[in-house]
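Close look at the chain arrangement
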Amino acid sequence: MSRTLPTATTLALLSTGALMFASGCGSASSTNESANPAPATTSVAAKKEAAAPAATGGVTLKVTSPASGNLQFEPKTLSAKAGNVTIEYTNPSPVPHNVAILDASGKEVSTEMEQFTSGNKSTSAKLAAGIYKYICQVPGHQQAGMVGELKVS
Ligand SMILES: [Cu+2]
């Protein structure tokens, strides 16, 4: 009976824009479709986005690990501008991993990512300039080499 409220439509458009902006950063989508707003069929997705404001804006960095299960990150160094930084981690292996960002004192500063196999997940943090680490929190993995350096300027 009730119609879609204008605010819900605005939210959907905003989050669609943010998603397109984020995914356009690293991947090679050659067509420019930014002028085509998606139909407002994403009210559930819009609610999710609204609940996680830390994920909007900023830069998304892609990290992966060898499919063989070797305990390392690729790449081993990342850089970003200060602000919201998201690491999108792809684990193609059957060995569980995750990613957490640590500041210079070793404190975890990113949103929690559960340990997982065969898929991808993201973690975000609002970072000031400085040197950070990104590590896998599965016991022993950081010590075995699952650690990288993130320079924020
Ligand atoms: Cu790991």
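What you see is a predicted model; the values in this text were computed from it and never measured.

1. Description of the overall build of the protein
- When helices and strands are tallied, the protein shows 3 helices and 7 strands.
- Here the protein, with 153 residues, has 22% of them falling under the buried criterion.
- Put simply, of all contacts in the protein between residues at least 6 apart along the chain, 67% involve residues at least 24 apart.

2. Observations regarding the environment of Pro66
- With respect to the helices and strands, Pro66 occurs in the loop between β1 (59-64) and β2 (77-80).
- Residue Pro66 is classed as partly exposed on the basis of its 14 C-beta neighbours within 10 Å.
- With residues near it in sequence (within four places) discarded, Pro66 still touches Gln72 and Ser93.

3. Describing the sheet that holds strand β7 (residues 147-152)
- Read across the open sheet, the 4 strands follow the order β2-β7-β6-β4; overall the sheet is mixed. Edge positions in the sheet fall to β2 and β4 (100-102), since each has one partner strand and no second. Here the average twist between neighbouring strands, direction ignored, is 30 degrees.
- Where β4 meets strand β6 (residues 130-135), 3 bridges bridge the pair, whose relative direction is antiparallel. In the sheet register, Ile101 faces β6, and the bridge partner there is Tyr134.

4. So, the confidence of the model for the protein
- On average, residues of the protein score 78 in pLDDT, and 63% of them reach the 70 mark or higher.
- Under a pLDDT of 50 for its full length, residues 1-36 has, in the predicted model, 27 contacts with residues more than four places off or in other chains.
- The low-confidence segment residues 40-55, where pLDDT is below 50, has 21 contacts with residues more than four positions distant or belonging to other chains.

5. As for the nonpolar core
- In this structure, Ile87, Val99, Ile101, Tyr132, Tyr134, Leu150 and Val152 are the most contacted members of the largest nonpolar core, which totals 18 residues.
- Elements with a minimum of two residues in this core: β2, β3 (83-91), β5 (119-127), β6 and β7.
- Dropping the residues within four chain positions of it, Leu150 is found in contact with Leu78, Ala80, Ile101, Tyr132, Lys133 and Tyr134.

6. Points about the pairing of β3
- Note that β1 and β3 share 6 bridges and pair parallel. Following the sheet pairing, Lys62 is matched in β3 by Glu88.
- The pairing of β3 with β5 spans 9 bridges and is antiparallel. Looking at β5, one finds that Asn91 is bridged to Gly119.

7. Focus: the sheet that holds β3
- Strand order in this open sheet of 3 strands is β1-β3-β5, and the pairing throughout is mixed. Both outer strands of the open sheet, β1 and β5, are each paired with one neighbouring strand and no more. Ignoring strand direction, the axes of neighbouring strands in this sheet form an average angle of 20 degrees.

8. Some details on the pairing of β6
- Note that β6 and β7 share 6 bridges and pair antiparallel. When the bridges of β7 are listed, Gly130 appears paired with Val152.

Conventions and cut-offs
- Per chain, residue numbering runs from 1 following the sequence as it is written.
- Where totals are concerned, whole chains, interfaces and linings use all residues; where local detail is concerned, this predicted model gives features only for residues with pLDDT of at least 70, and gives and counts side-chain atom pairs only at 80 or more.
- Each helix is a run of H or I in the DSSP string that is no shorter than four residues. Each strand is a run of E no shorter than two, and both are numbered from the N terminus.
- Each residue is classed by its C-beta neighbour count within 10 Å, where at least 20 other C-beta atoms makes it buried, 12 or fewer makes it exposed, and intermediate counts make it partly exposed; the C-beta atoms are placed from backbone geometry.
- We call two residues in contact whenever the C-beta atoms placed from their backbones are within 7 Å.
- By this definition, two strands are paired if DSSP reports at least two bridges between them.
- Where helices are involved, their axes are fitted lines through C-alpha atoms of the stretch in contact, as for all axes, and angles between N-to-C directions lie from 0 to 180°.
- The predictor reports its confidence for every residue as pLDDT, a score running from 0 up to 100.
- By convention in this section, buried Ala, Val, Leu, Ile, Met, Phe, Trp, Tyr and Cys residues joined through C-beta atoms within 7 Å make up a nonpolar core.

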